[in-house]
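The lines below spell out each chain.
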Amino acid sequence: MPVTDIRKDTENLSLTITADFAAPVERVWQIYADPRQLEKVWGPPEYPATFVDHDLSPGGRITYFMSGPEGEKYPGYWEVTAVDEPTSFSFSDGFADADFNPDPTLPVSVNVYTFTSHDGGTRATYVSTYESAEALEKVVDMGIIEGSSSAIGQIDDLIAA
């Protein structure tokens, strides 16, 4: 399992996941830059993702939905705020309605993903920050820690393929 650390910080309203991969930074970056590769690792195996729009550039928008085991769909979106290829990107990630309009009843996270060389591979640091302790607790209760860990765990197989 590539996830090496998970920290929930209620003081800073953040969740930080650290993972190590046996691949160069550029290879890990490609997973996020290519929507077909990203589909294989965004969401836990039981809730695979389909990316509809994918513009990984500052000001870009990315839309996707995760499909549940009973065929239900959970739409979401990213609003990309910064990109420093291949080492980092930042975005807001929110839940959406069927037309990919933001759902104001669910939390939005501000995310910074960074990729650095580490022990001959890549260390990925995923930081998600929420606007309130309630928002952070809501996504934790929804299973974000387990879901993210199992989603990130799929990256090793994709890299090895």
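Residues numbered from 1 in each chain as written. Predicted model: local features only at pLDDT ≥ 70, side-chain atom pairs only at ≥ 80, totals over all residues. Heavy atoms only, no water.

**Here we look at the overall build of the chain**
Here is step 1 of the chain: When you go through the chain residue by residue, the secondary structure sums to five helices and eight strands.
Here is step 2 of the chain: Along the chain direction, N to C, the helices and strands of the chain fall in the order β-β-α-α-β-β-β-β-β-β-α-α-α.
Here is step 3 of the chain: Taking 2.2 N^0.38 as the reference for a compact globule, 161 residues should give roughly 15 Å; the C-alpha atoms of the chain span a radius of gyration of 15 Å, in line with that estimate.
Here is step 4 of the chain: Across its three principal axes, the chain shows a C-alpha extent of roughly 45 × 35 × 30 Å.
Here is step 5 of the chain: A total of 161 residues make up the chain; the buried ones form 45% of that total.
Here is step 6 of the chain: In the chain, once contacts between residues fewer than 6 apart in sequence are set aside, the share between residues at least 24 apart is 45%.
Here is step 7 of the chain: Here the chain contributes 9 positive and 27 negative side-chain charges, whose respective centroids are spaced 3 Å apart. (Helix = DSSP H or I, 4+ residues; strand = E, 2+ residues; numbered from the N terminus. Rg over C-alpha atoms; globule rule 2.2 N^0.38 Å. Buried < 20%, exposed > 50% of the residue type's maximum accessible area, 1.4 Å probe, protein only. Contact = heavy atoms within 4.5 Å. Lys, Arg positive; Asp, Glu negative; His and termini not counted. Charge placed at Lys NZ, Arg CZ, Asp CG, Glu CD.)

**Thoughts on the side chain of Ser 109**
Here is step 1 of the chain: If you trace the backbone, Ser 109 turns up in strand β7 (residues 108-118).
Here is step 2 of the chain: A relative accessible area of 4% means that Ser 109 is categorised as buried.
Here is step 3 of the chain: Polar side-chain contacts of Ser 109 include one of 2.9 Å to the side chain of Asn 111.
Here is step 4 of the chain: Beyond its immediate sequence surroundings of up to four residues, Ser 109 is in contact with Phe 91, Ser 92, Asp 93, Ser 128, Thr 129 and Tyr 130. (Polar contact = N/O pair within 3.5 Å; in protein donor to acceptor, adjacent residues only side chain to side chain.)

**Concerning the pairing of strand β3 (residues 49-54)**
Here is step 1 of the chain: Summarising the sheet, β3 and strand β4 (residues 61-67) pair through five bridges and their orientation is antiparallel. Residue pairing for β4: Asp 53 is matched across the bridge by Thr 63. (Pairing = 2+ DSSP bridges.)

**Description of unusual backbone geometry**
Here is step 1 of the chain: Look at the link from Glu 85 to Pro 86: it is a cis peptide, with omega at 0 degrees.
Here is step 2 of the chain: Of note, Pro 86 is situated in the loop between β5 (73-84) and β6 (88-95).
Here is step 3 of the chain: Look at Leu 13: it is not a glycine, yet its phi comes out positive at around 55 degrees.
Here is step 4 of the chain: By the element assignment, Leu 13 lies in the loop between β1 (3-9) and β2 (14-21).
Here is step 5 of the chain: Unlike most non-glycine residues, Asp 119 shows phi in positive territory, near 50 degrees.
Here is step 6 of the chain: Position of Asp 119 among the secondary structure elements: in the loop between β7 and β8 (121-130).

**Considering the packing of aromatic side chains**
Here is step 1 of the chain: By the definition in use, this model includes 19 aromatic pairs.
Here is step 2 of the chain: When the centroid spacing of 6.3 Å and the interplanar angle of 85 degrees are considered together, the rings of Trp 29 and Phe 115 count as edge-to-face. Residue Trp 29 is found in helix α1 (residues 25-33), and its partner Phe 115 is found in strand β7; the two are separated by 86 residues along the sequence.
Here is step 3 of the chain: On the accessibility criterion, Trp 29 (4% relative accessible area) is buried.
Here is step 4 of the chain: Plain terms: the ring middles of Phe 89 and Phe 91 are 5.4 Å apart, the flat faces sit at 20 degrees to each other, and that makes the pair stacked. (Phe/Tyr/Trp six-rings, centres within 6.5 Å; stacked < 30°, edge-to-face > 60°.)

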